[in-house]
Amino acid sequence: MTPQRPPAIRYARTDDGAGIAYFRLGRGPAIVEVPHVQMCHLHMEWQIPSVRQYWQRLARHYTVVRFDNRGSGLSHGGPPDYSLPALVRDLEAVVRAAKLERFALIGRITGSLPAVQYAAEHPERVNHLVLWNGFVRNVDHGDAPRLGSLFAMAAKDWELFTESISQAATGWHDGEAARTWANVLRGSSTQASFLAGLEARRNWNVTDKLSAVSAPTLVLLDERNRLASMERCRELAAGIANARLHTVRGESGMPSADTVALIERFIGSAGAPTETATGSSMQPLTARERQILALLANGTSNTDIAGRLGISINTVTRHLTHVYAKIGAENRVQAIRQALELGLIES
């Protein structure tokens, strides 16, 4: 199947006037993901199979909320402020707009720092914290020899920099993924805004916030990412009470299916009817209903579904009636669209 359209984009307004683009995907307990700062673009990332599949896997059991931080991707307006307090304001605005009360929080790479700061300042809201390739101080991350030489390149040759840092992050074996991520970086930020953000990052430090994090915390290190560091991830985990540290193998720069399963075991999967962030519920689909829904999404007719599964057409029709009722669809087209948004099938 060709990639489907991304979920509908919504906007949250920060206290200082920035319009923060975000989407919701799936149903169930809420997970909010803080993106890799200045390397995020909701529409462009959706076109990357490893990113789309990661979101869709999580959305099978959860409501996934992802946003573009200020000055990046589809977000717009507001002052060009890349300080940690400003990035926390972005997150606060999305939480307000999405009407979330309690949720799990995922911070990816540089997004780990605003995630830690938010979790420390809002313990009543964050029930679990997951940090992917995170670190405590930017001075240890951004000034590391390999990254330092790459960042020096950003001011001289923007295109070469985006290609090089993406190649280093995804692994030298995955050239296609690196080229795609380089396009995301160029689409997410201009050279000028990236350099401004790079300068602001020099002061990022959440050392004094770690002890205030009370949520159960999982720190994940992608061993395929040449820019991530076991030493920095270990320091991050050691500073948070009862945090766990796991080494995993990423998939084109993103958590793989096995890593998503690890995250689900850590957070806890929804069981029988799941509650959404807005309070509505959905009766989970049976294995047979999921099977029929997947065939439906591939364009298989009711007659062919019956033949493949060795059941009657009436039985197929009855299962589809149940599926439509559970996911709020009235016909095949709506069912496929809704199933994609809920993460019940992958595009």
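A quick note: this is a predicted structure, and the numbers were derived from the prediction, not measured.

So, how was this worked out
- Residues numbered from 1 in each chain as written.
- Predicted model: local features only at pLDDT ≥ 70, side-chain atom pairs only at ≥ 80, totals over all residues.
- Heavy atoms only, no water.
- Helix = DSSP H or I, 4+ residues; strand = E, 2+ residues; numbered from the N terminus.
- Rg over C-alpha atoms; globule rule 2.2 N^0.38 Å.
- Contact = heavy atoms within 4.5 Å.
- Areas by Shrake-Rupley, 256 points an atom, 1.4 Å probe, with all protein chains shown as cover.
- Lys, Arg positive; Asp, Glu negative; His and termini not counted.
- Charge placed at Lys NZ, Arg CZ, Asp CG, Glu CD.
- Salt bridge = Lys/Arg side-chain N within 4 Å of Asp/Glu carboxyl O.
- Buried < 20%, exposed > 50% of the residue type's maximum accessible area, 1.4 Å probe, protein only.
- Pairing = 2+ DSSP bridges.
- Axes fitted to C-alpha atoms, helices over the stretch in contact; angles between N-to-C directions.
- Phe/Tyr/Trp six-rings, centres within 6.5 Å; stacked < 30°, edge-to-face > 60°.
- pLDDT = per-residue confidence, 0-100.

We now examine the overall build of the protein. The helix and strand inventory of the protein stands at 15 helices and 10 strands. Its C-alpha radius of gyration of 21 Å places the protein within 12% of the 20 Å reference for a compact globule of 347 residues. Projected onto its principal axes, the C-alpha positions of the protein cover 65 × 40 × 40 Å. When contacts within the protein are restricted to residue pairs at least 6 apart in sequence, those whose partners lie at least 24 apart make up 73%. For the protein, the accessible surface area stands at approximately 14,200 Å², while carbon and sulfur atoms represent 49% of it. Charge centroids of the protein, computed over 38 positive and 33 negative side chains, lie 5 Å from each other.

Once that is clear, we can look at the pattern of salt bridges. Enumeration according to the criterion identifies 19 salt bridges in this entry. Note that Asp-15 and Arg-96 form a salt bridge whose closest N and O atoms lie 3.4 Å from each other. Separated by 81 residues along the polypeptide, Asp-15 in the loop between strand S1 (10-13) and strand S2 (19-25) and Arg-96 in helix H3 (residues 84-97) bring together distant segments of the chain. Relative accessible area serves as the criterion here: at 45%, Arg-96 is assigned to the partly exposed category. Between Arg-249 and Glu-223 there is a salt bridge, with its nearest N and O atoms 2.7 Å apart. Remark: Glu-223 occurs in the loop between strand S7 (217-222) and helix H10 (230-239) and Arg-249 occurs in the loop between strand S8 (244-248) and helix H11 (257-267); sequence separation between them is 26 residues. Judged by its relative accessible area of 43%, Glu-223 is partly exposed. A network of salt bridges, in which partner residues are shared, links Asp-16, Arg-70, Asp-81, Arg-89 and Asp-90.

Let's shift gears to the side chain of Glu-45. You can see Glu-45 is positioned in helix H1 (residues 42-46). Ignoring any residue separated from it by four or fewer positions in sequence, one finds Glu-45 in contact with Met-39, Cys-40, Val-51, Arg-52, Trp-55, Arg-66, Asp-68, Arg-108, Trp-181 and Val-184.

In spatial order, the strands read S1-S2-S4-S3-S5-S6-S7-S8; together these 8 strands make up an open sheet with mixed pairing. Every other strand in the sheet has two partners, leaving S1 and S8 as the edge strands with one partner each. For this sheet the average axis-to-axis angle between neighbouring strands, irrespective of direction, equals 25 degrees. As judged from the 4 bridges shared by S1 and S2, these two strands associate in the antiparallel manner.

Of note, Ala-119 is situated in helix H4 (residues 112-121). For Ala-119, a relative accessible area of 2% corresponds to the buried category. Between the C-alpha atoms of Ala-119 and Ser-214, which are 95 residues apart in sequence, the distance is 7.8 Å. When near neighbours in sequence (up to four residues on either side) are disregarded, Ala-119 contacts Leu-105, Val-126, Leu-129 and Val-213.

According to the stated counting rule, one finds 9 aromatic pairs in the structure shown. Both rings, one in Phe-103 and one in Tyr-118, keep their centres 6.0 Å apart while their planes meet at 35 degrees; by these two values the pair is tilted. Linking Phe-103 in strand S5 (residues 103-108) with Tyr-118 in helix H4, this pair joins segments that are 15 residues apart in sequence. No difference in accessibility class separates Phe-103 from Tyr-118, as the two residues are buried.

Scored by pLDDT, the protein has a mean of 88; 92% of the residues are at 70 or more. Ranking the elements of the protein by mean pLDDT puts strand S9 (residues 274-275) last with 36 and S1 first with 98. Throughout residues 270-281 the model reports pLDDT below 50, and contacts reaching past four residues in sequence, or to other chains, amount to 26 contacts.

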